[in-house]
Amino acid sequence: QGQLVESGGGLVQTGGSLRLSCKASGSTFGNYVMGWFRQTPGKEREFVAGITRMGAYTYYSDSVKGRFTISRDNAENTLFLQMNSLKPEDTAVYSCATSRSAAVSRRPSDYGIWGQGTQVTVSS
């Protein structure tokens, strides 16, 4: 039970940076493994990054590894995605979600609560 609200998306040029935030309601945010996903029209939702409950372990898709950093602040019930060296192919709606599992999964079906998403557009 709870809600997630993403923010921080926008329009940037290739090579630019954005920092996405995902604010969770309630006081049990720290109980969940969290993930970031992205989706473009006509394509399947794609795993971007995941993070364990205390933030000790992070996981990334090959396409963003080395450019994006996932982090969390459990005291503030907030998940972050720092996006550097952005490319046009990063353009998508980015959503955060809570995992049903104690381990990070790359499968959208393993996640329960989803935010509505925030648009990221990278121009060439």
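Reference entry: report on the structure contained in this document. Please read these numbers as outputs of a predicted model, since none were measured by experiment. What you see as residue numbers is a count from 1 along each chain, following the sequence as written. With pLDDT at 70 or above as the cut-off, local features in this predicted model cover only qualifying residues; side-chain atom pairs require 80 or more to be listed or tallied, and sums for whole chains, interfaces and linings still use all residues. Side-chain calculation: all heavy atoms of the structure are included, whereas hydrogens and water are not.

Concerning the packing of aromatic side chains
Move 1: The criterion for an aromatic pair is that two Phe, Tyr or Trp rings (for Trp, the six-membered ring) have centres within 6.5 Å, with stacked assigned to planes under 30 degrees apart, edge-to-face to planes over 60 apart and tilted to the rest. Taken as a whole and assessed by the stated rule, the structure comprises four aromatic pairs.
Move 2: Where Phe-37 meets Phe-47, the ring centres are 5.6 Å apart and the plane angle is 75 degrees; that geometry is what we call edge-to-face. Placement of Phe-37 in strand β4 (residues 34–39) and of Phe-47 in strand β5 (residues 46–51) is noted, with a sequence separation of ten residues between them. Of the two residues examined, Phe-37 and Phe-47, each falls in the buried class.
Move 3: Between the aromatic rings of Phe-37 and Tyr-111, the centroid separation amounts to 4.9 Å while the plane-to-plane angle is 80 degrees, which identifies the pairing as edge-to-face. Here Phe-37 is found in strand β4, whereas its partner Tyr-111 is found in strand β10 (residues 111–114), with 74 residues between them in sequence. Residue Phe-37 shares its accessibility class with Tyr-111, and that shared class is buried.
Move 4: Each member of the aromatic cluster is reached from another via a ring pair, and the members are Phe-37, Phe-47, Tyr-111 and Trp-114.
Move 5: When the ring centre of Trp-114 is taken as origin, the NZ or CZ atom of Arg-45, which lies over that ring, is 4.1 Å away. Strands here are runs of E lasting at least two residues and helices are runs of H or I lasting at least four, both read from the DSSP assignment and numbered beginning at the N terminus. Between buried and exposed lies partly exposed: a residue is buried under 20% and exposed over 50% of the maximum accessible area for its type, with that area taken using a 1.4 Å probe on protein chains only. Two conditions define a charge sitting above a ring: the NZ of Lys or the CZ of Arg must be within 6 Å of the ring centre, and it must be within 35 degrees of the ring normal.

Some details on the state of the cysteines
Move 1: We call a pair of cysteine sulfur atoms a disulfide whenever their separation is within 2.5 Å. For the coordinates displayed, the defined rule picks out one disulfide.
Move 2: Sulfur-sulfur distance for the disulfide between Cys-22 and Cys-96 comes to 1.9 Å. Note on the Cys-22 and Cys-96 pair: the S-S dihedral is about 70 degrees, so by sign convention the disulfide is right-handed. Of this pair, Cys-22 sits in strand β3 (residues 18–24) while Cys-96 is found in strand β9 (residues 92–99), placing the two residues 74 residues apart along the sequence.
Move 3: Exposure remark for Cys-22: the relative accessible area of 0% places this residue in the buried category.

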